[in-house]
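A structural walkthrough
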Amino acid sequence: MSIAVVVGTRPEIIKMAPVVKELEKRGVEFIFIHSGQHYDYEMSQVFMEELGLPRPHESFKLDNSNPASQMGEMMIKLEKVLEKYRRPRVMLIQGDTNTMLAAGLTALKLGTRIGHVEAGLRSFDWRMPEEHNRRMIDHVSHYLFAPTDIAKKNLLEEHVWGEIFVTGNTVIDAVDIYFDKIREVEDKVLSQVKFKEYVLVTFHRAENVDDPHVLRDFVRILGRSPLPVVYPIHPRTRKRLQEYGLWSQVEEIPHIQIIPPQGYFEFLALMKNCRVIMTDSGGLQEEATHPKIRKPVLVLRTSTERPEAVIYGFARVVGINPVVVLAELEKILNESLKLPEQSPFGDGKAAIRIVDIVVSRLET
Ligand code: UD1
Ligand code: UDP
């Protein structure tokens, strides 16, 4: 087999889906591997089903949960699989999770070329495990699929070794491909929301939720939000809120609806109908700019690796100080916003470009 595609967490499954679909459409054979990093149904399998992805040829059940040992375990398992399939020529990986670094290093050691989808993002925030991962992955990749010119510039400044291509971000393709499905679930999803108008909140970054002070500030923000909150909660954050004794405080907030992690269509239906998004997610900053979504985003972080969303006026990086965040929220709710009609993250043809390049390179 010439191509391997690796996924392991929620955002990778979503952002790789357009690439997988494009490979299938062209009849290009590939092996599909799931690392097992995300394992709950609603963090993984639901996306494979909704997005109509093939059943992985190989998927792992990981015994380790600490980052280094988990990565070691993934590398050992992945090496065996790559050997079994006679060392594919190219491995496609996406983004900046531990799965991706483990996959990248394994491919490097076996002489499999690495194609990195969403290369060149930089937050310049060394507290973030994702920043460690993406820097290392970019430096071992043969083909760097940068979503934007800014991402390409980051790569050029670091003198990466591989070839750089500006392709757009595949998440814009994903919203295009699945938009009709989002419309199909929209009424049902909205009938389950308790409020007419709401802020959509997600929050899961390690540097935020693993710090009890930051998590307490987050709970204060939720408690004082001037608009009701719909909050699909990430399992990491639920665990930390419980660990730090903050769970009951969140549950007691009258204007909050906490819901489990949502399927992709359901989540995008929530996004499409909210007033504003407050999040520390990466993908949400991109999806919010899609012409059919177009929502303002308050980024609950002190940095972003998606400055394009800020430049275009969709996102504001507001940190996590409750006074500042609530002031920004009030401000945005009282503004008449004019958001651009175009996304800075591409035109929905990223996967076509990526597959064109990969297929052409298989012959070299
Ligand atoms: C990971 C990525 C992050 C990405 C996020 C997407 C890294 C370093 N981080 O963070 O970049 O934004 O995925 O959501 O790779 N858990 C469950 N069920 C699951 C998955 C996780 O309960 O299906 C809980 C476990 O307690 C686990 C914790 O969440 O220990 C953290 O999971 P992990 O995959 O290590 O990191 P994420 O926070 O999900
Ligand atoms: N998402 C989802 N259900 C949810 C929350 C998010 O389908 O309950 C989707 C969202 O639309 C986006 C991706 O998951 O495509 C973002 O994942 P996450 O925020 O976990 O990771 P990040 O993008 O920060 O790496």
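Look above for the structure.
The following paragraphs examine the structure supplied in this document.

What counts, and where the lines are drawn
- Residues numbered from 1 in each chain as written.
- Chains lettered and ligands numbered in written order.
- Predicted model: local features only at pLDDT ≥ 70, side-chain atom pairs only at ≥ 80, totals over all residues.
- Heavy atoms only, no water.
- Near = heavy atom within 4 Å.
- Polar contact = N/O pair within 3.5 Å; in protein donor to acceptor, adjacent residues only side chain to side chain.
- Areas by Shrake-Rupley, 256 points an atom, 1.4 Å probe, with all protein chains shown as cover.
- Helix = DSSP H or I, 4+ residues; strand = E, 2+ residues; numbered from the N terminus.
- Nonpolar A, V, L, I, M, F, W, Y, C, P; charged D, E, K, R; others polar.
- Pairing = 2+ DSSP bridges.
- Axes fitted to C-alpha atoms, helices over the stretch in contact; angles between N-to-C directions.
- Contact = heavy atoms within 4.5 Å.
- Buried < 20%, exposed > 50% of the residue type's maximum accessible area, 1.4 Å probe, protein only.

1. Description of the site of ligand 1
- Lining the immediate environment of ligand 1, one finds 16 residues, of which H38, D40, E130, H204 and R205 sit closest.
- Contact distances for ligand 1 include 2.7 Å between an oxygen atom and a side-chain N or O atom of R205.
- Within the side chain of K239, one N or O atom sits 3.1 Å away from an oxygen atom of ligand 1.
- Relative to its free-state accessible area of 740 Å², ligand 1 is covered by the protein chains to the extent of 87%.
- Listed by contribution, the elements that provide at least two residues to the shell around ligand 1 are α5 (129–140) and α10 (235–243).
- The biggest single contributor to the shell around ligand 1 is α10, with three residues.
- Of the residues assigned to the shell around ligand 1, the class counts are five nonpolar, six polar and five charged.

2. Let's talk about the sheet that holds strand β12 (residues 297–299)
- The strand order across the open sheet formed by six strands is β10-β9-β8-β11-β12-β13, and the pairing between neighbours is parallel. Both edges of this open sheet fall to β10 (256–259) and β13 (315–317), since each of them pairs with a single strand only. Direction aside, neighbouring strands of the sheet carry axes that sit 20° apart on average.
- As paired strands, strand β8 (residues 199–202) and strand β9 (residues 229–232) are joined by two bridges and run parallel to one another. Its bridge partner lying in β9, V199 is registered against V229.
- Its contacts with the sheet put helix α9 (residues 212–224) on β8, β9, β10 and β11 (276–279), and the angle it makes with β9 is roughly 140°.
- Against the sheet, helix α15 (residues 322–334) makes contact with β8, β11, β12 and β13, and its axis sits at roughly 160° relative to β11, the strand it touches most.

3. Comments concerning the side chain of R134
- Assignment of secondary structure puts R134 in helix α5.
- For R134, a relative accessible area of 3% corresponds to the buried category.
- With sequence-adjacent residues up to four places away left out, R134 is seen in contact with D96, L121, R122, S123, M128 and E305.

These results come straight from atomic positions and should not be treated as a statement about function.
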